[in-house]
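Each chain, letter by letter, is given below.
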Amino acid sequence: GGRAVPEEEARYDAIVIGAGFAGVTAARELRNKGLKPLVLEARDRIGGRVWTSTWAGEQVELGGAWLHPNYELTYKELNRYGLKTISDAAPEKAIYPTPAGYKTFAPEEIVPRIGAVLAKVFDGSRQYFERPREPLYRADLLKAVDPLSLRARLDALKLSAEDLALVHGELATYAGGDSRDGALTALAQWWALCGWTHEGWAQMSAARIEKGASALVQSILTAAQATVRFNTPVTAVADDGKRVVVTTASGAKFSAPVAVVAVPLNMWKKIQFSPGLPKVHAEATQEGVGVKPNAAKMWLRVSGDVGRIVVQGNAGDPIAAMVPHARLSNGDSLMIALNGPGLNVNDRASVDAAVKKFLPQTRVIDMKVQDWVNDPWSQGGWGMRRPGQMLRQLPAIQQPHGRIAFAGGDLPSGWIGSFEGAIESGMRAAGQVAPLV
Ligand SMILES: Cc1cc2nc3c(=O)[nH]c(=O)nc-3n(C[C@H](O)[C@H](O)[C@H](O)COP(=O)(O)OP(=O)(O)OC[C@H]3O[C@@H](n4cnc5c(N)ncnc54)[C@H](O)[C@@H]3O)c2cc1C
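Notes on the structure in this doc start here. (Residues numbered from 1 in each chain as written. Predicted model: local features only at pLDDT ≥ 70, side-chain atom pairs only at ≥ 80, totals over all residues. Heavy atoms only, no water.)

## Structural notes on the packing of helix 6 (residues 150–157) against helix 7 (residues 161–174)
Axis separation between helix 6 and helix 7 bottoms out at 11 Å; the angle between their running directions is 170°. Relative to helix 7, the element helix 6 lies roughly antiparallel. Here helix 6 contributes Leu150, Arg151 and Leu154 to the contact with helix 7, which in turn contributes Leu164, Val167, His168 and Leu171. (Axes fitted to C-alpha atoms, helices over the stretch in contact; angles between N-to-C directions. Helix = DSSP H or I, 4+ residues; strand = E, 2+ residues; numbered from the N terminus. Parallel < 35°, antiparallel > 145°, perpendicular 65-115°, else oblique. Contact = heavy atoms within 4.5 Å.)

Dropping the structure here:
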């Protein structure tokens, strides 16, 4: 049904839905194949779960920020557009939970101890992720491990209370607050992509983009020479076998021979697909991959010079983790935190009380919080598979549905929950639909 497609809107070869890393990459790849993309974006800005902004006089990343040196595709893009990376100074102190409460350690003392415990957690991944970017290469071996949650793995290892306290908070944080929600294989794949060592794992925040992560999204989008419509949420995507008709919230319709759905996987269920989504796609979006319930990035201006100190909460703590960012000219410090279970991220007094648990001398003066779980256009944080999702869902959700392909940092073969994964999947999706135009 619906009105006829106006002629001026009918001139696109592909419609890309979502202007995050995955969508802009798909658009740029389509352009490189000689096709004309139209990008429809719900927000009034590009970037999605990447959002470089300014706060407290500093450039701040309200979403994804850091790059691992093994982000091969991302570094290729950075080089292509002449964007530089920078590294933050190493921390001088680290606060970790112990059975006797929080303790301050020298990083050189605590880091090797954590590494030894993580090596136990991920033991076996050299075999079951023999090829880290082709995770199903040893699907036979994965059958035994993919159903395990991080918590199940920790329980099975029967770690000492000391060892458990050193790693549980970090693993729970990556799983969105509860280690039962994250698959062992999701993080074991990161471990494998990092080179199966703790030195490699510790490089996950080795660098960030000097001009901000949004600058790279913009460079890719500029190269795509796409028509971009902001404030244009897509509500329906229909494939009649010849063309795809995309309907937006205002009732406008756009059509093209193919479409790439590059919205967060958690958001697929908000779009009406016809024909309906294949069974596994539908299951994946009902279960979700973008982590919940804790994925707020919090920029905290705290009083005084707290030094270059990293804080790792225990599983269940209201502040999951904190890292230092910069010393401000007035003497205060800027820290980045992630929320843990139960924290009211909109209430400064609650955040202040939670921070004082680790840093009793300081005070939270001001804060800027981006809560991705309650964000209407992501409804979840970074992608992190749940137990069993890799084997049950990954191969199927990477497949197109007729003339519609899917892209996102939630469904790559390599680095899930990252820029690298989003770029990888954007390339795949463009390659899938281009021959159908
Ligand atoms: C707090 C946080 C920290 C992170 N830290 C890192 C990090 O340090 N390093 C790293 O590599 N990765 C990190 N990530 C992950 C990384 O940001 C994501 O994997 C990546 O940005 C996802 O890109 P995407 O294009 O798949 O999705 P998105 O960036 O979410 O883009 C999807 C786009 O679709 C739009 N959209 C949604 N619904 C509709 C609709 N109906 N119609 C039209 N448009 C729609 C959205 O507005 C959005 O712009 C982090 C993520 C979060 C949340």
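Having seen the model, we can carry on.
## Description of the nonpolar core
If you look at the biggest cluster of nonpolar residues, it comprises 108 residues, and the most contacted ones within it are Phe122 and Trp268. With residues near it in sequence (within four places) discarded, Trp268 still touches Val261, Val263, Phe273, Leu277, His281, Thr285, Ile397, Phe406 and Leu411. Among the nonpolar cores identified, the runner-up in size contains 21 residues, and Val306, Leu343, Ala354 and Val364 belong to it. (Core = buried A, V, L, I, M, F, W, Y, C linked by side-chain atoms within 4.5 Å. Buried < 20%, exposed > 50% of the residue type's maximum accessible area, 1.4 Å probe, protein only.)

## Brief notes about the packing of aromatic side chains
Summed over all chains, the structure comprises 12 aromatic pairs. Both rings, one in Phe122 and one in Trp201, keep their centres 5.4 Å apart while their planes meet at 45°; by these two values the pair is tilted. Note that Phe122 is positioned in the loop between helix 3 (107–121) and helix 4 (125–128) and Trp201 in helix 9 (residues 198–201), a separation of 79 residues in sequence. Trp201 shares its class with Phe122; the two are buried. (Phe/Tyr/Trp six-rings, centres within 6.5 Å; stacked < 30°, edge-to-face > 60°.)

## Section: the sheet that holds strand 12 (residues 244–248)
Taking strand neighbours across the sheet as the criterion, the 4 strands line up as 13-12-11-15 in an open arrangement whose pairing is mixed. Two strands in the sheet have a free side with no partner beyond their single neighbour: strand 13 (253–256) and strand 15 (272–274). Sheet twist, expressed as the mean angle between neighbouring strand axes with direction ignored, is 15°. When strand 12 meets strand 13, the two strands line up antiparallel, connected through 4 bridges. The partner of Thr247 across the bridge, within strand 13, is Lys253. (Pairing = 2+ DSSP bridges.)

## Structural notes on the pattern of salt bridges
Throughout the structure, instances matching the rule amount to 23 salt bridges. One salt bridge in this structure joins Glu77 and Arg28, with 2.7 Å as the shortest N-O distance. Taken together, the positions of Glu77 in helix 2 (residues 72–80) and Arg28 in helix 1 (residues 21–32) put the pair 49 residues apart, joining distant regions of the chain. The residue Asp178 makes a salt bridge to Arg151 at a minimum N-O spacing of 4.0 Å. Linking Asp178 in the loop between helix 7 and helix 8 (184–193) with Arg151 in helix 6, this pair joins segments that are 27 residues apart in sequence. A network of salt bridges, in which partner residues are shared, links Arg28, Glu29, Glu77 and Arg80. (Salt bridge = Lys/Arg side-chain N within 4 Å of Asp/Glu carboxyl O.)

## Quick look at helix 11 (residues 279–287)
Every buried residue of helix 11 is listed here: His281, Ala284 and Thr285. In an axial view of helix 11, the angular spread of the buried residues amounts to 90°, which keeps them on one side of the axis. Those residues of helix 11 that are exposed and aimed more than 90 degrees away from the buried face are Lys279 and Gln286. Close packing links the buried residues of helix 11 with helix 13 (389–397) and strand 21 (404–406). Directly after helix 11, the chain includes Gly288, whose backbone phi takes a positive value near 85°. (Arc of directions from axis to C-beta.)

## Points about unusual backbone geometry
A cis amide bond links Ser274 to the next residue, Pro275, at an omega of -5°. Inspection of the secondary structure puts Pro275 in the loop between strand 15 and helix 11. Along the chain, Lys292 connects to Pro293 via a cis peptide bond; the corresponding omega equals -5°. For Pro293, the position within the fold is in the loop between helix 11 and strand 16 (296–302). In the Ramachandran plot, Trp196 falls in the positive-phi region, its phi being about 65° despite a non-glycine side chain. For Trp196, the location among the structural elements is in the loop between helix 8 and helix 9.

## Some details on the site of the ligand
With respect to spatial proximity, 36 residues lie near the ligand, and among them Glu41, Arg49, Trp66, Val234 and Gly409 are the closest. Here Trp66 contributes a backbone N or O atom positioned 2.8 Å from a nitrogen atom of the ligand. Phe419 places a polar main-chain atom, nitrogen or oxygen, 2.9 Å from an oxygen atom of the ligand. Look at the ligand: alone it shows 1000 Å² of surface, and the protein chains cover 96% of it. Split by residue class, the shell around the ligand holds 21 nonpolar, 12 polar and 3 charged. No fewer than three residues from each of domain 1 (7–48 + 210–289 + 382–436) and domain 2 (52–72 + 82–89 + 292–371) sit in the shell around the ligand. (Near = heavy atom within 4 Å. Polar contact = N/O pair within 3.5 Å; in protein donor to acceptor, adjacent residues only side chain to side chain. Areas by Shrake-Rupley, 256 points an atom, 1.4 Å probe, with all protein chains shown as cover. Nonpolar A, V, L, I, M, F, W, Y, C, P; charged D, E, K, R; others polar. Domains from an automatic or database assignment.)

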